[in-house]
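Working through the structure, step by step
Below are the chains, spelled out letter by letter.
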Amino acid sequence: MIHNKERRFPNNFLWGASTSAYQVEGANLIDGKGPSVQDIKKVPEGTSELDVCADQYHKYAEDIALMAEMGFKTYRFSISWSRILPKGTGEINEKGVQYYHNLIDECLKYGIEPLVTMYHFDLPAALAEIGGWSNKKTIDAFVEFASILFYEYGSKVKYWLTINEQNMMTLVGSLIGTSTIGDVENPLKALYQENHHMLLAQAKVMKLCHEKVPGAKIGPAPNISLVYPATCKPEDMIAAQNFNAIRNWLYLDMAVYGYYNPIVWSWLEDNDATPDIEPGDMDIMKAAKPDFIGFNYYSTATVEYSDGTETSDTKADQQKGMAMPGICKSVSNPYAKKTEFGWEIDPIGFRATLREVYSRYHLPIIITENGLGAYDKLEDGDKVHDPYRIFYLRNHIEQMKLAIEDGVDMMGYCPWSAIDLVSTHEGVVKRYGFIYVNRDEFDLKDLRRVRKDSFYWYKKVIASNGEDLAD
Ligand code: BGP
């Protein structure tokens, strides 16, 4: 292994940022787009509908020009499945196909590599009606969708991500609006059956990508948080290993090595919840190989031993701890500060997570999300002062440099988010972008784009290839 003691980012490092279709585009039911599960869910009280969002559907050229001004080497966005296939399968919506050609061409015009997420929380509603991922037909529909994407955009798009945060859809799906499991006898089994089907769909699509788009690179995009034991009490260590396996390794072990993590499997067996595996399924899993690992990182998690008497926490989101009775119990980390929304901040944990993922899987890593949600304010004329975001990102980039020195092979960094958009469950006012969108939760104002202080800062970071992190 060659250690990069100079701590420099590689010359071709992919600096950029991320969004997802249902959170940024708006235009959710126009130009032939079919509804997704996000469009039919009841939005959390006090948060806006998804009909406008940042209106990127109409303003993509302006947005990409701003990303080019920041010097982006890549833009991670997702393609809305039901904009391409309004019913999830079958009839193709040509206007949707054209929209993504336009978006991709606009990126390429400025030398920005599109990094395409194929599925980011927005399963077509028509597929949810047939049982979503519990129905094996959804696997076929995903492969059909992927074939269209590879056919249409394969000559233009080199980097693909399969499924965003499959682990969060499995662990906290009802909070992010993706859960389709109704009243069933063994909900855990139903959940992990869906999960198995999603893993199969991902494996099939990774293989298909390599067959149809020679030279393209594809990888998964789970949300990975290294899990710390609350103390060195041995029982806490077992709890941390349990949660690491259930939250993190299940997804990457399968994507990279094609096997079920043994700790997770044993836990599912204990609960009579192992998925039914059909002959041939595991061969499909094994035959698929990602070229890199994409993952979203916001913070680490900390757990302690659970005696099984707590109740599970239904308010847990992607980052707030969850209780899994008998498995682990989340506690807050006394060494970590929190964002305004209660998410812990742990840059050194970022280095630890990168080291761990690279040691386990030996594949190049691209960070597909990392960032800070805050109540930014437009002030001083047309300015947004967001020193807290610069501070957060700088600390994480510094730790990423240290991880490179440690020997981790990093290929890119895409914080969340390129531009303000709608949060998964906390509305528009929870802002993450480098670009401010002038709207409130319910008042659309003029949707004007304003460069935040972090915009100018990130531009310098990219221009210096990560060397100049000063304000
Ligand atoms: C990730 C999701 C994104 C995004 C981000 C921030 O889990 O992939 O879609 O929303 O988290 O989360 P939130 O919007 O809940 O603050």
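So, how was this worked out
- Residues numbered from 1 in each chain as written.
- Predicted model: local features only at pLDDT ≥ 70, side-chain atom pairs only at ≥ 80, totals over all residues.
- Heavy atoms only, no water.
- Helix = DSSP H or I, 4+ residues; strand = E, 2+ residues; numbered from the N terminus.
- Rg over C-alpha atoms; globule rule 2.2 N^0.38 Å.
- Buried < 20%, exposed > 50% of the residue type's maximum accessible area, 1.4 Å probe, protein only.
- Contact = heavy atoms within 4.5 Å.
- Pairing = 2+ DSSP bridges.
- Axes fitted to C-alpha atoms, helices over the stretch in contact; angles between N-to-C directions.
- Phe/Tyr/Trp six-rings, centres within 6.5 Å; stacked < 30°, edge-to-face > 60°.
- Lys NZ or Arg CZ within 6 Å of the ring centre and 35° of its normal.
- Near = heavy atom within 4 Å.
- Polar contact = N/O pair within 3.5 Å; in protein donor to acceptor, adjacent residues only side chain to side chain.
- Areas by Shrake-Rupley, 256 points an atom, 1.4 Å probe, with all protein chains shown as cover.
- Nonpolar A, V, L, I, M, F, W, Y, C, P; charged D, E, K, R; others polar.
- Salt bridge = Lys/Arg side-chain N within 4 Å of Asp/Glu carboxyl O.
- Left-handed = near helix turned anticlockwise from the far one by under 90°.
- Right-handed = clockwise from strand over helix to strand, strands pointing away.

1. Things to note about the overall build of the chain
Regarding its fold elements, the chain presents 15 helices and 16 strands. Its C-alpha radius of gyration of 21 Å places the chain within 12% of the 23 Å reference for a compact globule of 471 residues. With the C-alpha coordinates of the chain rotated into their principal frame, the extents come out at 60 × 55 × 50 Å. Out of the 471 residues belonging to the chain, those deemed buried represent 61%. A sequence separation of at least 24 residues applies to 76% of the contacts in the chain between residues at least 6 apart.

2. Considerations on the sheet that holds strand β2 (residues 74-78)
Ordered by their spatial adjacency, eight strands build an open sheet running β5-β4-β3-β2-β1-β14-β13-β7, and the pairing between neighbours is parallel. Among the strands making up the open sheet, the edge pair consists of β5 (217-221) and β7 (293-296). The mean inter-strand angle of the sheet, taken between neighbouring strand axes irrespective of direction, is 25°. Where strand β3 (residues 113-119) meets strand β4 (residues 159-164), four bridges bridge the pair, whose relative direction is parallel. Following the sheet pairing, L115 is matched in β4 by Y159.

3. Details of the packing of aromatic side chains
Summed over all chains, the structure comprises 31 aromatic pairs. Measuring from ring centre to ring centre gives 4.9 Å for F9 and W15, while their planes differ by 65°; the resulting arrangement is edge-to-face. Exposure class is identical for F9 and W15. Each is buried. Both rings, one in F341 and one in Y375, keep their centres 4.7 Å apart while their planes meet at 35°; by these two values the pair is tilted. Within this pair, whereas F341 is found in the loop between β11 (337-338) and β12 (344-345), its partner Y375 is found in the loop between β13 (365-369) and α14 (387-405), the two being separated by 34 residues in sequence. Given the relative accessible area of 40%, Y375 is considered partly exposed. By the ring-pair criterion, three or more aromatic residues cluster together here, those being F9, F13, W15, F72, Y413, F434, W457 and Y458. One cation-aromatic arrangement involves R83 over Y99; the distance from NZ or CZ to the ring centre is 5.9 Å. Across the ring face of W343, the terminal group of K430 is positioned such that the distance to the ring centre comes to 4.0 Å.

4. Here we look at the site of the ligand
Lining the immediate surroundings of the ligand are 16 residues, of which Q23, E165, T424, K430 and Y432 lie closest. T424 places a side-chain nitrogen or oxygen 2.4 Å from an oxygen atom of the ligand. For the ligand, whose unbound accessible area comes to 370 Å², protein coverage reaches 100%. Taken together, the residues of the shell around the ligand sort by class into five nonpolar, eight polar and three charged.

5. A few points about the pattern of salt bridges
Taken as a whole, this structure holds 30 salt bridges when the rule is applied. Between K189 and D276 there is a salt bridge; the shortest N-O distance is 3.1 Å. Taken together, the positions of K189 in helix α9 (residues 187-212) and D276 in the loop between α11 (262-270) and α12 (281-287) put the pair 87 residues apart, joining distant regions of the chain. Judged by its relative accessible area of 49%, D276 falls in the partly exposed class. Between D253 and R360 there is a salt bridge, with its nearest N and O atoms 3.2 Å apart. Within this pair, whereas D253 is found in helix α10 (residues 234-257), its partner R360 is found in helix α13 (residues 347-361), the two being separated by 107 residues in sequence. With relative accessibility at 3%, the residue D253 sits in the buried group. The partly exposed category is assigned to R360, whose relative accessible area is 26%.

6. Considerations on the sheet that holds strand β8 (residues 301-304)
The strand order β6-β8-β10-β9 describes an open sheet built from four strands, whose pairing is mixed. Across the chains shown, the open sheet's two edge strands, defined by having one partner strand only, are β6 (227-229) and β9 (323-324). Of the pairings in the sheet, the one linking β6 to β8 comprises three bridges and is parallel in character. Looking at β8, one finds that Y228 is bridged to T302.

7. Quick notes on the packing of helix α8 (residues 166-176) against α10
Where α8 contacts α10, the axes come no closer than 9 Å and their chain directions differ by 145°. Once α8 is placed against α10, the crossing between them reads as right-handed. Listed contacts from α10 to Q166, N167, M168, T170 and L171 of α8 are I246, R247 and Y251. Broken down by class, the residue content of the contact of α8 with α10 amounts to four nonpolar, three polar and one charged.

8. Quick word on the pairing of strand β1 (residues 14-18)
For β1, the buried fraction is high: five of the five residues fall into the buried class. What you see with β1 is no split at all: L14, G16 and S18 on one side and W15 and A17 on the other are buried throughout. As paired elements, β1 and strand β14 (residues 410-413) share two bridges and run parallel to each other. Within β14, the residue paired with L14 across the bridge is G412.

9. Here we look at the pairing of β14
Strand direction decides the pairing type here: β13 and β14, joined by three bridges, are parallel. Across the sheet, I365 pairs through a bridge with M410, a residue of β14. Viewed along the sheet, the connection from β13 through α14 into β14 turns out right-handed.

10. Concerning the environment of E426
Take E426: it is sitting in the loop between β14 and β15 (435-437). For E426 and N370, which are 56 residues apart along the polypeptide, the C-alpha to C-alpha distance reads 17 Å. Once residues within four sequence positions are removed from consideration, E426 is found in contact with T47, D317, K320 and F341. A polar contact of 2.7 Å, which involves the side chain of E426, links it to the side chain of K430.

Read these as spatial facts, not as claims about activity.
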